[in-house]
Amino acid sequence: MSALWNKLAGGLNRTRMVITSCLNNMIAGRMDETVLDELEEILISSDIGAPTAALLTGRLKARRGEAEDIKGLRDILRQEMLAILKPGRIFQFDHNIKPFVIMIVGVNGVGKTTSIAKLAWRFKNQGLNVILGAGDTFRAAASEQLLVWGQRIGCPVVAKAGGSDPSSVAFAALDSAIQENCDLMLLDTAGRLHTKVNLMEELKKMRRVLDKRFSGAPHQVLLVLDATVGQNALNQARMFHQATPLSGLILTKLDSSAKGGIVLALSAELNLPVYFAGWGENLEALEPFDPEKFVQAIV
Ligand SMILES: Nc1nc2c(ncn2[C@@H]2O[C@H](COP(=O)(O)OP(=O)(O)OP(=O)(O)O)[C@@H](O)[C@H]2O)c(=O)[nH]1
Ligand SMILES: [Mg+2]
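Residues numbered from 1 in each chain as written. Chains lettered and ligands numbered in written order. Predicted model: local features only at pLDDT ≥ 70, side-chain atom pairs only at ≥ 80, totals over all residues. Heavy atoms only, no water.

(A) Highlighting the site of ligand 1. Ligand 1 sits among 21 residues. The nearest are K112, T113, T114, D255 and E281. One of the backbone N or O atoms of G109 is found 2.9 Å from an oxygen atom in ligand 1. The contact in question runs from a nitrogen atom of ligand 1 to an N or O atom on the side chain of D255, over 2.8 Å. Partitioned by chemical class, the residues of the shell around ligand 1 number three nonpolar, eleven polar and seven charged. (Near = heavy atom within 4 Å. Polar contact = N/O pair within 3.5 Å; in protein donor to acceptor, adjacent residues only side chain to side chain. Nonpolar A, V, L, I, M, F, W, Y, C, P; charged D, E, K, R; others polar.)

Printed below as a string of structure tokens:
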């Protein structure tokens, strides 16, 4: 098991133990509402969220007859979780599109810039020619932070002075990406502006400007969410998804959160796949999210 899955499995130990005890009670013949309520409660407390927890316990109740032992019950629960997570949806990009442009969005402090560095490092190691755009011109030192990462990874970074129009940075970065024949461009964005409305309008404008320079860009918009904020992540995802359609999610700080259940809530309520999971501050601390391993860790 990789470091991420060890951490996740460790963090979810308690959840898994309580679920197991509920399932044992069911097998012992106590398939009453109390056991189901108990199961629903533990699912909610692991950040799965009330509607999704109710859905899962409802499905388990309906399919109870199919299971003869605890393994059978566990399999049902895993199957139902996988039905929500839709395992086939892995991150991939079209290598015929050059440069493939990915915009990274999210509120301040969730780990956008760090995740961009991790992704750039990952794709560069796969032999791709990656360029970064420092589209967060609002926060002082945001461009410098990306420039430092770029230097460490060996990736060019297109940046402008603080206070510049982020759309002009987006345009300039894409221009360089085209001229340098890059495979992939990762665009950083601000997490905070004077108001939320400003932020959303700016993201829309950046999209329009990118599309004008290279029709179809950005090809993906990934939202970064901090796993430690629990159900709040769901609200952030709703807000961004409404303003600018998202392709998928990056869930960070799984090293600091014992609760991974938010992944299920995000898939169930917004139908958004978690493509990558971050679990630390180092470049290696990001991995593709694997739904199969996740359900084995939680149930
Ligand atoms: N423990 C842990 N810390 C992380 C992870 N990802 C990012 N961080 C830390 O979280 C803090 C914020 O990360 P940034 O990448 O700067 O976040 P951002 O979304 O770009 O923030 P703004 O630019 O302010 O909008 C930094 O101290 C990172 O080192 C992670 O997966 N685990
Ligand atoms: Mg940042």
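(B) Broad picture of helix α4 (residues 50-63). Taking 1.5 Å per residue as the helical rise, α4 with its 14 residues ought to reach 20 Å, and the 20 Å between its terminal C-alpha atoms agrees with that figure. For α4, the complete set of buried residues consists of T52, A53, L56, T57, L60 and R63. Around the axis of α4, the buried residues are gathered within 135° of arc, so they sit on the same side. Every exposed residue of α4 that faces more than 90 degrees away from the buried side is listed here: P51 and A62. On its buried face, α4 is in contact with α2 (13-27), α3 (33-45), α5 (70-85) and α11 (262-270). (Helix = DSSP H or I, 4+ residues; strand = E, 2+ residues; numbered from the N terminus. Expected span 1.5 Å × (residues − 1). Buried < 20%, exposed > 50% of the residue type's maximum accessible area, 1.4 Å probe, protein only. Arc of directions from axis to C-beta. Contact = heavy atoms within 4.5 Å.)

(C) View of the packing of helix α8 (residues 166-179) against helix α9 (residues 196-213). The geometry of α8 relative to α9 is characterised by a closest axis approach of 9 Å and an angle of 30° between their N-to-C directions. Judged on the interaxial angle alone, α9 and α8 are roughly parallel. Considering only the axes of α8 and α9, their crossing is right-handed. Here P166, S167, A170, F171, L174, D175 and I178 of α8 come into contact with α9, specifically with E202, K205, M206, V209, L210 and R213. By residue class, the composition of the contact of α8 with α9 is eight nonpolar, one polar and four charged. (Axes fitted to C-alpha atoms, helices over the stretch in contact; angles between N-to-C directions. Parallel < 35°, antiparallel > 145°, perpendicular 65-115°, else oblique. Left-handed = near helix turned anticlockwise from the far one by under 90°.)

(D) Fine view of the pattern of salt bridges. One pass over the structure, following the stated rule, counts eleven salt bridges. The shortest N-O distance in the salt bridge between D75 and K71 comes to 2.9 Å. Here K71 and D75 lie together in helix α5, a separation of four residues that amounts to about one turn. A residue is classified by how much of its surface remains accessible, and D75, at 26% relative accessible area, is partly exposed. For R213, the salt bridge identified is with D175, shortest N-O distance 2.5 Å. In this pair, R213 sits in helix α9 while D175 sits in helix α8, placing the two residues 38 residues apart along the sequence. Note on D175: relative accessible area 22%, which makes it partly exposed. (Salt bridge = Lys/Arg side-chain N within 4 Å of Asp/Glu carboxyl O.)

(E) Just unusual backbone geometry, in detail. Here the residue pair K98 and P99 is connected by a cis peptide bond, since its omega of 0° sits within 30 degrees of zero. Relative to the helices and strands, P99 is located in the loop between α5 and β1 (100-105). The peptide bond linking A217 to P218 adopts the cis configuration, its omega dihedral lying at -5°. Here P218 shows up in the loop between α9 and β5 (220-226). Here K86, not a glycine, exhibits a phi torsion of approximately 45°, which is positive.

(F) Main features of the state of the cysteines. Scanning the entire structure with this criterion turns up zero disulfides. For C155, which is in no disulfide, the shortest distance to another cysteine sulfur is to C182 and amounts to 8.3 Å. (Disulfide = S-S within 2.5 Å.)

(G) Looking closely at the packing of aromatic side chains. Enumeration according to the criterion identifies seven aromatic pairs in this entry. Relative to Y275, the ring of F91 has its centre 5.4 Å away and its plane inclined at 75°; by these criteria the two rings are edge-to-face. Taken together, the residues span a long stretch of sequence, with F91 in the loop between α5 and β1 and Y275 in strand β7 (residues 274-278) at a distance of 184 residues. A single burial state applies to F91 and to Y275, both of which are buried. An aromatic cluster is present here, built from F91, F93, F100, F123, Y275 and F276 joined pairwise through their rings. (Phe/Tyr/Trp six-rings, centres within 6.5 Å; stacked < 30°, edge-to-face > 60°.)

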